[in-house]
Each structure stands twice: as structure tokens, then as C-alpha cells.
Number of protein chains: 2
Amino acid sequence: MTRAARGRDADRRRRPRRPVRYRLGLAPLLLFGWALVVLARSAAGQAPLPSWNDGPAKQAIVAFVGRVTTPGSPDFVPPAERIATFDNDGTLWSEEPIYVQLAFALDRVRALAPRHPEWKTTQPFRAVLDGDPKTLAASGEQGLLKLIMATHTGMTTEDFAATVTDWLRTARHPRFERPYTDLVYQPMLELLAFLRANGFKTFIVSGGTVEFIRAWAERVYDIPPEQVIGTTFLTRFQVRADSTPVLTREPKIDFVDDGDGKPVGINRFIGRRPILAFGNSDGDLQMLEWTAAGKGARFMGLVHHTDATREWAYDRQSHIGKLDKALDAAQRRGWTVVDMRRDWRVIYPFQR
Amino acid sequence: MTRAARGRDADRRRRPRRPVRYRLGLAPLLLFGWALVVLARSAAGQAPLPSWNDGPAKQAIVAFVGRVTTPGSPDFVPPAERIATFDNDGTLWSEEPIYVQLAFALDRVRALAPRHPEWKTTQPFRAVLDGDPKTLAASGEQGLLKLIMATHTGMTTEDFAATVTDWLRTARHPRFERPYTDLVYQPMLELLAFLRANGFKTFIVSGGTVEFIRAWAERVYDIPPEQVIGTTFLTRFQVRADSTPVLTREPKIDFVDDGDGKPVGINRFIGRRPILAFGNSDGDLQMLEWTAAGKGARFMGLVHHTDATREWAYDRQSHIGKLDKALDAAQRRGWTVVDMRRDWRVIYPFQR
């Protein structure tokens, strides 16, 4: 600092301090108040679950979330323990007329057929190529497993994910003629968002294979890959000749995340018991039982497919998403059964 | 509204509006400015990694985090993809003189011995009860596995977690005479917190069994159970006679999360490739290779135990946490090797 500058500085210090006063008109204050209101509104969100009709299901959800998130409430649950698990097929998106993952497998068989001339004479591949659903159905679970193995394994994890992404871009649902990912349930998207806004961590716990779902769950549900639990294939770490390490998918199922497998998968991946779980079929019963058996407030929900007009209607006798024992359990134990026709104002996002 | 009320309201509307003015002295403004500074400071945190000495390791970490978190940087990574994985034994806490999990198993054998009279004559249990480390060591990996099975399985998941919690409360590390969870590395706690403050999601990827670590990882590392990946036992869902559903731990290892298993486990649980990974032994090499092979900026780190005074010094010839091939790989490929003696100002939180 030069002497002159120091002088100026000293001058400034010697000047008598006059209190600085600011004059504000009403307008800035009103603006400030309005900004506060807007901020508060966007923090609180709009009224929750707009695509749910008012009724016992919506009321039960909102009441439960209120109880577990209100500090001082006897049912208060710390955010880290607010684990919510959702089945996928039939709970978050439509599973009719066939599981989307099976539709993918069938399309892949057709796409890969030129490289597999033997499929022309081998079942159940031949049935797929001939468009013969009867023979395909007759091949049973073992037949379907062959299709899944042939189309879901034998490649690296990254190649598989890319194949799923590509397929979703062009494949169309036969009834709605839209991308399959358009057939997610708008009310459930709102429920996922409502839970997350209230400090819940949302997980998918699906009988489907995990990497099929991970390929699109973040984009569609805002659920990151590490929060998707599902059936897994044996995966092998290998270092290629050019030193690139890869993970290859082997044609062997490693873990079936269905029925008894759901609580096992939840324990393995999350290591904490959910306080809210939602399913739609008997394959979800054990997940709901496991959730219900925890201490403190719990919410168990089932989506009941009752809307043949807007979606599908099926339960106890269904070949897919059979809901029989779990429906009895829900009625006996007072779990929330969502009646799709009655409780949902809209089904799909494109119908809003 | 009554006529009278309407009249009062109309009166109010007719009154001339005078602009409301507020007079503020300087003090509130200064206070406001100070509050902003404090807020900014607490948001930015103190200088990061205070227990790390300035040097290439700290600089590499800070530079990497800066690159991947600066919007517009060519290396920018969106928060959802900021996955960081850490080995546990020897990377986040001390693994000498024996793995903590083994210390737990030995103590459990002693505690359970009265219920197992046959252990007095069966190896390796007898060696544990007789305090005969030579025979115990001679029983090799198979012997250790027997001890682990006998002490880690055959109970429900919740009973096991409670046993670990109880044990940690009373068990003391033989050299430091402190709870084992005191022997976590202060610099690594700071690194975990620094990464999380920068939008990273931190995971443990351990060769140890997952439920042993989950019992204390949240309290000690601030890492929730769903972000702990490890070796798993087969677990079975059962409904007891009183209708209580339980998960029981079976004496069968289901997945070994070590070596090749680490990238497999990362893929299975996270489904996304880490951009930062830290280990300390050859068992972490494949995790580091898998991390390094991703596109974009990556950080691979190894903790090198070089401090016989404050902790332990071991690497290529060690019976535990052997660091040989991974050290060569790190030197060849320019990964960050943390020299514990040189790079860490303190080792344990209680030494601060």
C-alpha cells in the first residue's frame, strides 16, 4: 500500500459514520412474501396423488406417510429406515398380455434366428419363429427358460443393456401400440414420487431379471440401478486378450427373486426390512408378510386388476399375475387392496 | 358476507394507499451478510481431508473430485453416476493381527462352547478353546471356514446382527485395547465424507460377510446397509409355527465377494460401474481393473501399509492383505498408492 493510499484510507476512517437507512416501498415486500409462498408450495408439492380417486386406498397411503414422517408421532420412522419396495410387473406397469420381458425374448429370438439355423427345427424356438403360441405355451416353464437363456445370456452386461435399450425404442405394445414403457401406471409413479418427497428410498423387487429392468428404471421410475432387485444370472469376470475386463452373462440362473426369494433378496440387497411394500400377485405374498412382521407402523398394498376396460381384469384364476392367496391374506389382515377401476382416475401417463 | 361486513370491506378499499416505508439500520444488513458467509462456509465445509498430509495422494483425490463435479468440465459426471466403492479390511479399518471377523468367530466359539461339548475333541474348535494358534493355523482355509459356519449361521438374520452388536460393545483390539470400531482410519472417514459432500454415493465392497459389516457400518462409516456388498450365506425364508416369518442363515456360502467376485458383486448390487475405487490388497485388483476400464475420468487408489509404528507395515509377502500384483498394476498404470506413513497425519480418530 502506498503512503497516499494509506492516507485515503485513514481519511475514510476519520469520516463520521452516519447511519445508513434504506427506504423500501411495499412492492418489494409483497414480492418477497409471494416468493416465500411459491417456495413453500413447491417444497410441499401439489396435493399428493392427483391420479388417485379419493377413497380408502388413497386415504390409507396418505395417513400412513403422515404417521411415519411426523416427528414426535409414536409411529415416526427416521428417514434412513423409510424403505419402500415395489414389485414391477402388474404393480408398476402392465403385465398383460405377456410379461414385457417375454415379449423382448420373443423379439430377440426372431432377430437372432439368422445366426441360429438350428432354431428352425428346435422347440420352443421353432414355435416362436412359426408364430405358434399353442406349441410355445405347451413347452411350459422349461421352454420359456430356454428362450430366456438364449436371449439374455452369452453376452457382456453392457451389450445386454444396450440391446434392451434399443428394443424398447422400437417395440410396441400390441394393444396400445405404444412403447412398453408408456404402460407404467400413472398413480404408481405419483406414489413413488410422493414417498421419495417424504424421505423414503424406493426399491423395485421383481421376479424379472434385474438387468432388464435396470436398463430403463431410472428414466421411467426415477429409480437408480442400485435400487433394483431382481432375478440374476451367473455372471463371470474375464479379462480379454486386449486386457479389457468384461462381465459375461452365463446361461445359469443364480437367484430367483420371486415368492420366498423376495424377502431373501430384500435382505441380501437392502439388509433392512421395508416399512411399505406393494405387489399384485401371490409371488409378492412373502414380501408383504416379511414387511408386515416388522415392528412399528407398516403399509402393505396390493394392486387388484379390476379394470377390463382401461387395463385388464384378472385375479384368482389368472395364468399371469395370479392373485389368490395374497388376496385372502390382504382381506384377512386388513392390508390395502387397490381396486384399479375404482381407485385410479387414470391408468397410464398418456391418458392424463 | 353480511351487508355491514361488505361495508367495512368497501371502506377499507376506499382508503387512500400510503406507501409503507421501513427504516433499517446498518446492523441487520451486516448480520445478514455474516449469515450468508457462515452458510457458504458450512456448505463448502472446511478445507477437505485435514488428516491427510499435503502430497501427491491428497492432491490426486482433490483434483479428481474437482474434475468430475465441475459443471462444464469435460470430465463432469452427473451425481447419479458418482459411485465410489471401498474395500473394508485394511482399507477402511485395520486388519491386523487377524481379520476382525475372525476375532469375532473365535470369541463366539469360546462363548458357544458350553453348548457344544463335542468341540473339545474336534478341530479346529479344540485349537481355539485350547488357545493353540499353531494348530488353528494348520487347519487352513477349510478350518477357518468351519469356524465361520459354526458361528455365523444357524440363526435368524436379526439374531446374528444382535450378536455382532453385542460383541463389538465388549470386545477389545489386542494391541490398542479399544473397541474394534475405533480402529477405522480417520483419513478414510474424511475421504468418505468428502465424496458424499460432493454428491458421491459410497459403497463398501468387502470379502467379509455382508451382515457382519452391516451391523455397524452405518454408525461408524455413515454407510447404510443397502450400500454394503460382501460375501453372503444362503438365506432361507421360513414361516414359524406362530406365523412369524423369519430369514435363517444356512451353513452354505452363496457368493464370495473377493477377487473376481468384487466386480461381479458390484454389477449385481449396484449395476453401475464405479468411477472411484479404493482397496489395499490383491483381492481388490479386479475391482480396480473394472473401475479403470470405464469411460471418462476414473480414480483407482490403494492403501499401502507402510507404518509399523502407528499401524502395521506389510505388502508383498503378507499372510493377510497381501499386496503384490495390485501394487505392480498400480505402479505400471499410475493409480494412486497411499503411503500410510507419509500421507496420513493421523491414523485413528482417537489420535487426533
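Shown above is the structure to which this text applies.
Summary of the structure given here.

All right, on to the packing of aromatic side chains then. Residues and elements named next belong to chain A. Enumeration according to the criterion identifies 37 aromatic pairs over all chains in this entry. Taken together, a centroid distance of 5.3 Å and an interplanar angle of 20° make the contact between Tyr 348 and Phe 350 stacked. The exposure class assigned to Tyr 348 is buried, which follows from its relative accessible area of 0%. When its relative accessible area of 28% is taken as the criterion, Phe 350 is described as partly exposed.

All right, on to the nonpolar core then. Residue and element names in this part refer to chain B. Core analysis: the largest hydrophobic core is formed by 56 residues, its most contacted members being Trp 52, Phe 86, Met 188, Phe 212, Tyr 221 and Phe 278. Every element with two or more residues in this core is listed here: α3 (56-69), β2 (83-86), α4 (100-112), α8 (157-170), α9 (186-197), α10 (210-221), β6 (276-279) and β7 (299-306). Ignoring sequence-local partners within four residues, the contact set of Trp 52 consists of Ala 57, Lys 58, Ile 61, Pro 187, Met 188, Glu 190, Leu 191, Phe 278, Val 338, Asp 343 and Trp 344.

What follows is about the relation of the copies chain B and chain A. Mapping chain B onto chain A is achieved by rotating through 180° and translating by 0.0 Å along the same axis, at an RMSD of 0.0 Å. Each copy turns onto its partner about a two-fold axis. In this assembly the copies share their binding face: 100% of the residues contributing to the interface of chain B also contribute to that of chain A.

What follows deals with the packing of α4(B) against helix α7 (residues 140-152) of chain B. Residue and element names in this part refer to chain B. With their axes 9 Å apart at the nearest point, α4 and α7 run at an angle of 65° to one another. The interaxial crossing formed by α4 with α7 has left-handed handedness. Of α7, the residues touching α4 (which contributes Gln 101, Leu 102, Phe 104, Ala 105, Leu 106, Arg 108, Val 109 and Leu 112) are Leu 144, Leu 147, Ile 148, Ala 150, Thr 151 and His 152. Considering only residue class, the contact of α4 with α7 consists of ten nonpolar, three polar and one charged.

Note on helix geometry: an α-helix contains 3.6 residues per turn, so any two residues three or four positions apart are oriented the same way. Residue and element names in this part refer to chain B. Taking 1.5 Å per residue as the helical rise, α9 with its twelve residues ought to reach 16 Å, and the 16 Å between its terminal C-alpha atoms agrees with that figure. Burial analysis of α9 places nine of its twelve residues in the buried class, which makes it a mostly covered element. Among the residues of α9, those classed as buried are Gln 186, Pro 187, Met 188, Leu 189, Glu 190, Leu 191, Leu 192, Phe 194 and Leu 195. Lining the buried residues of α9 we find α3, β2, β3 (201-209), α10, β6 and β7. Once α9 ends, the next one or two residues include Gly 199, with phi positive near 85°.

The next thing to look at is helix α11 (residues 261-269) of chain B. Residues and elements named next belong to chain B. Across the nine residues that make up α11, a large majority, nine, are buried. Those residues of α11 not exposed but buried are Gly 261, Lys 262, Pro 263, Val 264, Gly 265, Ile 266, Asn 267, Arg 268 and Phe 269. Following α11 by one or two positions, Gly 271 adopts a phi angle in the positive range, close to 70°.

Let's shift gears to the environment of Val256(A). All names here are of chain A. With respect to the element layout, Val 256 can be found in the loop between β5 (245-255) and α11 (261-269). Take Val 256: its relative accessible area is 49%, and that puts it in the partly exposed class. When the C-alpha atoms of Val 256 and Thr 231 are compared, they prove to be 4.6 Å apart, with 25 residues separating the residues in sequence. Among residues more than four places away in sequence, those in contact with Val 256 are Thr 231 and Gly 261.

Contact residues are listed per partner, giving 44 residues for chain B and 44 residues for chain A. Between chain B and chain A the total buried area reaches about 3900 Å² when both faces are included, carbon and sulfur atoms providing 54% of it. On inspection of chain B and its partner chain A, the count reaches ten salt bridges. A salt bridge links Glu158(B) to Arg273(A); its shortest N-O distance comes to 2.9 Å. Along the contact surface separating chain B from chain A lie 20 residue pairs in polar contact (both at pLDDT 80 or more). Tallied by class, the residues present in the side of chain B that touches chain A amount to 21 nonpolar, eight polar and 15 charged.

A separate point is the packing of helix α3 (residues 56-69) of chain A against helix α9 (residues 186-197) of chain A. Residues and elements named next belong to chain A. Where α3 contacts α9, the axes come no closer than 11 Å and their chain directions differ by 15°. Relative to α9, the element α3 lies roughly parallel. α9 is crossed by α3, and the crossing has right-handed handedness. Only Leu 191, Phe 194 and Leu 195 of α9 make contact with α3, whose side of the interface consists of Ile 61, Val 62 and Val 65.

Attention now goes to the pairing of strand β4 (residues 228-239) of chain A. Residues and elements named next belong to chain A. Two strands pair when backbone bridges link them, and strand β3 (residues 201-209) and β4 are joined in this way by three bridges, in the parallel orientation. Considered in β4, the bridge of Ile 204 is made with Val 228. Sheet topology note: the β4/β5 ladder contains seven bridges and is antiparallel. Residue pairing across strands places Phe 237 opposite Leu 247, the latter belonging to β5. Connecting β4 to the antiparallel partner β5 that follows it, the hairpin turn spans five residues, and Ser 243 within it adopts a positive phi of roughly 75°.

Okay, unusual backbone geometry next. Here the bond from Glu96(A) into Pro97(A) is cis, since omega is 0°, no more than 30 degrees from zero. Among the secondary structure elements, Pro97(A) is positioned in the loop between β2 (83-86) and α4 (100-112). At the junction of Gln123(A) and Pro124(A), the peptide bond is cis and its omega measures out at 0° in the coordinates. Relative to the helices and strands, Pro124(A) is located in the loop between α4 and α5 (125-130). Phi at Leu49(A) takes a positive value of approximately 55°, unusual for a residue other than glycine. Of note, Leu49(A) is situated in the loop between α2 (26-44) and α3. According to the relative accessible area criterion, Leu49(A) is buried, its value standing at 2%. Phi is positive for Asp222(B), which is not a glycine, with a value near 60°.

What follows is about the pattern of salt bridges. What the rule picks out here adds up to 38 salt bridges over all chains. Glu218(B) is paired through a salt bridge with Arg272(A); the nearest N and O atoms lie 2.9 Å apart. Here Glu218(B), found in helix α10, pairs with Arg272(A), found in the loop between α11 and β6 (276-279), and the two come from separate chains. A residue is classified by how much of its surface remains accessible, and Glu218(B), at 26% relative accessible area, is partly exposed.

Thresholds, definitions, all that
The written sequence of each chain sets the order in which its residues are numbered from 1. Each chain takes a letter, starting from A, and each ligand takes a number, starting from 1, following the order in which they are written. A pLDDT threshold of at least 70 governs which residues receive local features in this predicted model, and a stricter bar of 80 or more applies before side-chain atom pairs are shown or counted, although totals over entire chains, interfaces and linings include all residues. Water and hydrogen atoms were dropped before computing side-chain values, which therefore reflect all heavy atoms in the structure. Paired rings are identified among Phe, Tyr and Trp, the last through its six-membered ring, by centres lying within 6.5 Å, and are further divided according to the angle between planes into stacked (under 30 degrees), edge-to-face (over 60) and tilted (the rest). Buried residues are those whose accessible area, probed at 1.4 Å on protein chains only, stays under 20% of the maximum for their type, while exposed residues exceed 50% and partly exposed ones sit between those limits. What makes a nonpolar core is a set of buried Ala, Val, Leu, Ile, Met, Phe, Trp, Tyr and Cys residues whose side-chain atoms join them at distances within 4.5 Å. Secondary structure follows DSSP: runs of H or I at least 4 residues long count as helices, runs of E at least 2 residues long count as strands, and numbering of each begins at the N terminus. The contact criterion used is simple: two residues touch if any of their non-hydrogen atoms lie within 4.5 Å. Only residues with pLDDT of at least 70 in both copies count here: their C-alpha atoms drive the least-squares fit that superposes the copies. Throughout, an axis means a line fitted to C-alpha atoms (over the contacting stretch in the case of helices), and angles, computed between N-to-C directions, take values from 0 to 180 degrees. When the near helix sits turned anticlockwise from the far one by under a right angle, the crossing is termed left-handed; a clockwise turn instead gives a right-handed crossing. Note on residue classes: Ala, Val, Leu, Ile, Met, Phe, Trp, Tyr, Cys and Pro are nonpolar, Asp, Glu, Lys and Arg are charged, and everything else, Gly too, is polar. Between the first and last residue of a helix there are one fewer steps than residues, each counted as 1.5 Å, and that sum is the expected span. Two parts lose some accessible area (1.4 Å probe) when they are put together, and adding that loss for both gives the buried area. Every case where a carboxyl oxygen of Asp or Glu lies within 4 Å of a side-chain nitrogen of Lys or Arg is listed as a salt bridge. Pairs of N or O atoms are called polar contacts if they sit within 3.5 Å, as long as, within protein, a hydrogen donor faces a hydrogen acceptor (for residues adjacent in sequence, only side-chain-to-side-chain pairs). Roughly parallel covers angles under 35 degrees, roughly antiparallel covers those over 145, roughly perpendicular covers 65 to 115, and oblique covers all other angles. Paired strands, as defined in this entry, are two strands with at least two bridges between them according to DSSP.

Fair warning: the whole summary comes from geometry, so function is off the table for now.
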